[in-house]
Amino acid sequence: MSAKIVARSAEKRFQTRAGWMTALRDFDLEVAEGEFLCLVGPSGCGKSTFLRILAGLDHATGGEVRINAGPDPRQPLANVVFQEYAVFPWKTVLHNVAFGLEMRGVGRRERETIAGRWIDKVALTRFVDYYPAQLSGGMKQRVSIARALANDPQVLLMDEPLGALDAQTRAVLQEELLQLWEESRKTVLYVTHSIDEAVFLGDRVVVMTAHPGTVKTVIDVDLPRPRDLTVMATPEFAALTGAVWDALRDEVRRAMAEQA
Amino acid sequence: MTPGSARGAGGAAALAWALPLGVLLATLAAGFALGLWASAWWALLGIGFVCVVLLAQEVESRLALRWRGPFQRGLALGFPLSLLLVWELLAGAGILNPRWFPPPSQIAVALWELTVTFDRFNRSSLIGRPWLVPEVAAEQGWAGVQALVRESHVWATLSRVLGGFLIGALPGVLIGMVMGLNRTVRMMLDATMSAIYVLPKIAIFPILMLVFPNPFGEGPKIAVVAISAFFLVAISTMAGVQGIDKVYLEAGRNFGASRWQMFRHVILPGALPIVFSGLRLALGTALIVIVAVEFVRADRGVGFLIYYYWQVLVTPRMYAALVVVMALGVGLTALLQWVERRVMPWRRN
Ligand SMILES: Nc1ncnc2c1ncn2[C@@H]1O[C@H](COP(=O)(O)OP(=O)(O)OP(=O)(O)O)[C@@H](O)[C@H]1O
Ligand SMILES: [Mg+2]
């Protein structure tokens, strides 16, 4: 299958008061069309930076980062599910989910029908007219996921979307997310701190080095799909998380030593 | 304290409140008996207040849960009412000088008189005698009704406050938005605005009187209110725009919002809460400023009434005018809150 996301010798440097700071260097990655790729790495290694570049919120300062556009020029390239949800407090669930479509000029009737369908899929039907302040964290993140999916982007970018949630809510949302993904098989780039989550969700897990961030290892996750949470009890799962942790351990130590 | 725990440790709990209350009441009684009222009235007042608080808390803790809400509302209403009652009694007994602190009953009467009478000397009335409207409209038509409106002190103050507030606040929001959005404009204006912001705007009233062709007309009065409102609103609007969480701006950009869409869907609603807190401040300031202006330079308006009845020493009417200012403040604030709830439905719990 063709590559949907390509990064070649990508570099990102930030100008800070103390001088230039390199966040990404020699970053090479290809993500196939329809692949669910998980990105793990120590804090501050540049995961969010890479994702922001893909989202068009920032630019690489060297090398190449691109998303290969699909045949339909009207289909948006990439939408983000932010860690802090970033659902607009001043919009109802319905208008939040319809936001991307509204920005693209889709008519009211049509966008509200589409948004309604996604709200049903994330089980928020009862809450269409609620404002985010009336929702729990898990529900807000469902809104955020529905907002990105309703816009039907070619690539879905998720930056620790479940990081702020409690363990149970998180587990439920992981399963829901996989179900949604099975229906569309969109290309997904998923940043997480949880090794379990990365192995459970991903087709591959990319482990990054401590800063400046490069790709350290890529681990193929050959667990059968569709998956549910029972897969986490299998020895294969344990072996995979062990492998990811082996690659990650030294990097986390290095990152911590640098910060100290 | 829950009823359960009260039952469990009845004796100790009763002591916990009864003992201090007893001591306080004894002190109070001793104070009165020794004739300390004149020299230490403030201390006795404080002790009395603490006694009332202790008693109220004790009563509340003994009430069933569903009676507590009404009880608290009763306190909120009962306290000011009993203050008025105490005032009435103290003034009646001559402990408060009724010349300067006329009893509330006299103030109420004065308010009623002000409302229903027409001041022939000044050709004015408090609210413009609306009961005459049908008659006057039949005899003199629209012009007659306008004359009635013009004789009203409340209308004079209200039109200056509302007019000045709107004339100042709308450009204030606009400039504030621009300052929040554009760094260059902000750099250029911020220092100047902050400097003028701290200047008490009433201080430029004399200049405004020179600027307008009719220094004694409505122009300078409305302008000084407008200027006061403008700076407050502009500065808080700017703060509101700058205070918007970056993540909302990024979400907007990521979903492809154009500049206008960004403004309409992200920046405007994101800044609104702070804009409204600026508007609330501006409204309060507008009232202060207009009353001050009416003190010095007006023959209509509630501020004029206060000052006039102070000069002629008709204090009940002066207090009545104060009550009207309070009512205006409460009414205008309620109006603004109503608008706020309309404009920001997501802030309604
Ligand atoms: N705008 C910026 N200006 C300067 N430095 C930045 C900026 N954004 C990120 N950085 C730096 O770049 C490095 C990578 O940041 P990034 O947010 O991508 O890390 P991350 O891998 O997402 O970390 P985490 O797991 O904690 O979210 C960090 O050292 C960070 O301090
Ligand atoms: Mg990050």
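Just so we're clear, the structure is a prediction, and the values are computed from it rather than from any experiment.

J.: Please explain the pairing of strand S7 (residues 187–191) of chain A as it appears in this structure.
T.: In the case of a regular strand, side chains alternate between the two sheet surfaces. Residue and element names in this part refer to chain A. Burial runs high along S7: 5 of the 5 residues are buried. Here S7 shows a buried face lined by Thr-187, Leu-189 and Val-191 and a second buried face lined by Val-188 and Tyr-190. Of the pairings in the sheet, the one linking strand S3 (residues 36–40) to S7 comprises 4 bridges and is parallel in character. When the bridges of S7 are listed, Leu-37 appears paired with Leu-189. Across 5 bridges, the pairing between strand S6 (residues 155–159) and S7 is parallel. Counted as the bridge partner of Met-158 is Tyr-190 from S7. Handedness of the crossover joining S6 and S7 through helix H6 (residues 167–184) is recorded here as right-handed.

J.: What is the right way to look at the packing of helix H13 (residues 259–296) of chain B against helix H14 (residues 302–311) of chain B in this model?
T.: Angle between the axes and distance between the axes are the two parameters that describe a pair of packed helices. All names here are of chain B. Two numbers describe how H13 lies on H14: the axes approach to 7 Å, and their chain directions differ by 50°. Classified by the angle their axes make, H13 and H14 are oblique. For the element pair H13 and H14, the recorded crossing hand is right-handed. Contacts between H13 and H14 pair Val-291, Glu-294 and Phe-295 from the former with Val-302, Gly-303, Phe-304, Ile-306 and Tyr-307 from the latter.

J.: What should I look at first to understand the domain arrangement of chain B in this one?
T.: Size of an interface, as often reported, equals the accessible area lost when the parts are brought together. Each domain of chain B was delimited in the assignment, giving domain 1 (5–92) and domain 2 (150–347). Averaged C-alpha coordinates put domain 1 of chain B and domain 2 of chain B at centres separated by 41 Å.

J.: Sorry if this is basic, but what is going on with helix H5 (residues 137–150) of chain A here?
T.: An α-helical segment advances 3.6 residues per turn. Residues three or four places apart therefore align on the same side. Residues and elements named next belong to chain A. For H5, which comprises 14 residues, the first-to-last C-alpha distance of 20 Å matches the rise-based estimate of 20 Å (1.5 Å per residue) to within 8%. In terms of burial, H5 is largely enclosed, as 12 of its 14 residues are buried. All of the buried residues along H5 are Gly-138, Met-139, Gln-141, Arg-142, Val-143, Ser-144, Ile-145, Ala-146, Arg-147, Ala-148, Leu-149 and Ala-150. Remark: Asp-152 follows H5 within two positions and exhibits a positive phi of approximately 50°.

J.: What's the story with a nonpolar patch on the surface in this structure? I'm lost.
T.: Residue and element names in this part refer to chain B. Side chains of Trp-100, Phe-101, Phe-295, Val-296, Tyr-307, Trp-310 and Leu-313 sit close together on the surface and give an oily, nonpolar patch of about 660 Å² of accessible area. The set of elements that each furnish at least two residues to the nonpolar patch consists of H13 and H14. Mapping Phe-295 onto the fold places it in helix H13. Accessibility expressed as a relative area gives 33% for Phe-295, which makes it partly exposed.

J.: Explanation requested: the confidence of the model for chain B in the structure shown.
T.: When pLDDT drops low, the exact placement of atoms in the prediction is not to be read closely. Residue and element names in this part refer to chain B. When pLDDT is averaged across chain B, the result is 88; 95% of the residues are at 70 or more. Looking over chain B, one finds the lowest element-wise mean pLDDT in helix H1 (residues 3–8), namely 46, and the highest in helix H12 (residues 246–254), namely 95. Low pLDDT (under 50) marks residues 1–8, which in the prediction has 4 contacts with non-local residues, meaning those over four places away or in another chain. This complex was scored by the predictor with a pTM of 0.84 and an ipTM of 0.92.

J.: Just checking my understanding: could you explain the interface of chain B and chain A for this structure?
T.: Across the contact, 17 residues belong to chain B and 23 residues belong to chain A. With both chains or domains summed, chain B and chain A bury close to 1900 Å², and 65% of this area falls on carbon and sulfur atoms. On the chain B side of the interface with chain A, the three residues burying the most area are B:Asn254, B:Phe255 and B:His265, jointly 38% of the side's total. Put simply, chain B and chain A have 1 salt bridge between them.

J.: What's the story with the environment of B:Leu96 in this structure? I'm lost.
T.: All names here are of chain B. Note on placement: Leu-96 falls in the loop between helix H4 (65–92) and helix H5 (104–116). Among the residues examined, Leu-96 registers a relative accessible area of 25% and is labelled partly exposed. Taking the C-alpha atoms as reference, Leu-96 lies 15 Å from Tyr-319; in sequence the two are 223 residues apart. Not counting residues within four places of it along the chain, the set of residues in contact with Leu-96 comprises Trp-87, Leu-90, Ala-91 and Phe-101.

J.: Is there a simple way to think about the site of ligand 1 in this case?
T.: All names here are of chain A. Close contacts around ligand 1 come from 13 residues, with Ser-43, Gly-44, Lys-47, Ser-48 and Thr-49 the closest. In this structure, Gly-44 approaches ligand 1 through a main-chain N or O atom, which is 2.8 Å from an oxygen atom. A distance of 3.0 Å separates an oxygen atom of ligand 1 from a polar backbone atom of Gly-46. Taken by itself ligand 1 offers 630 Å² of open surface, and the protein chains cover 63% of this. Contributing elements (two or more residues each) for the shell around ligand 1: strand S1 (3–16), strand S2 (19–32) and helix H1 (47–54). Examining the composition of the shell around ligand 1, we find that 3 residues originate from one element, H1, more than from any other. For the shell around ligand 1, a count of residues per class yields 4 nonpolar, 7 polar and 2 charged.

J.: For this particular structure, what's the right way to read the sheet that holds strand S4 (residues 62–67) of chain A?
T.: Strands belonging to one sheet form pairs held by backbone hydrogen bonds; the direction of such a pair is parallel or antiparallel. All names here are of chain A. Overall, antiparallel pairing links the 3 strands, which are arranged S2-S1-S4 in an open sheet. Edge strands, defined here as strands with exactly one partner in the open sheet, are S2 and S4. Mean inter-strand twist for the sheet, computed between neighbouring axes without regard to direction, equals 25°. Pairing analysis gives 10 bridges linking S1 to S2, with the strands arranged antiparallel. Within S2, the position partnered with Arg-13 by the bridge is Thr-22.

The rules behind each value
- Residues numbered from 1 in each chain as written.
- Chains lettered and ligands numbered in written order.
- Predicted model: local features only at pLDDT ≥ 70, side-chain atom pairs only at ≥ 80, totals over all residues.
- Heavy atoms only, no water.
- Buried < 20%, exposed > 50% of the residue type's maximum accessible area, 1.4 Å probe, protein only.
- Helix = DSSP H or I, 4+ residues; strand = E, 2+ residues; numbered from the N terminus.
- Pairing = 2+ DSSP bridges.
- Right-handed = clockwise from strand over helix to strand, strands pointing away.
- Axes fitted to C-alpha atoms, helices over the stretch in contact; angles between N-to-C directions.
- Parallel < 35°, antiparallel > 145°, perpendicular 65-115°, else oblique.
- Left-handed = near helix turned anticlockwise from the far one by under 90°.
- Contact = heavy atoms within 4.5 Å.
- Domains from an automatic or database assignment.
- Expected span 1.5 Å × (residues − 1).
- Patch = residues over 30% accessible without salt bridge, like charges linked within 9 Å, V, L, I, M, F, W, Y side chains within 5 Å.
- Areas by Shrake-Rupley, 256 points an atom, 1.4 Å probe, with all protein chains shown as cover.
- Salt bridge = Lys/Arg side-chain N within 4 Å of Asp/Glu carboxyl O.
- pLDDT = per-residue confidence, 0-100.
- Buried area = accessible area lost by both parts, 1.4 Å probe.
- Near = heavy atom within 4 Å.
- Polar contact = N/O pair within 3.5 Å; in protein donor to acceptor, adjacent residues only side chain to side chain.
- Nonpolar A, V, L, I, M, F, W, Y, C, P; charged D, E, K, R; others polar.

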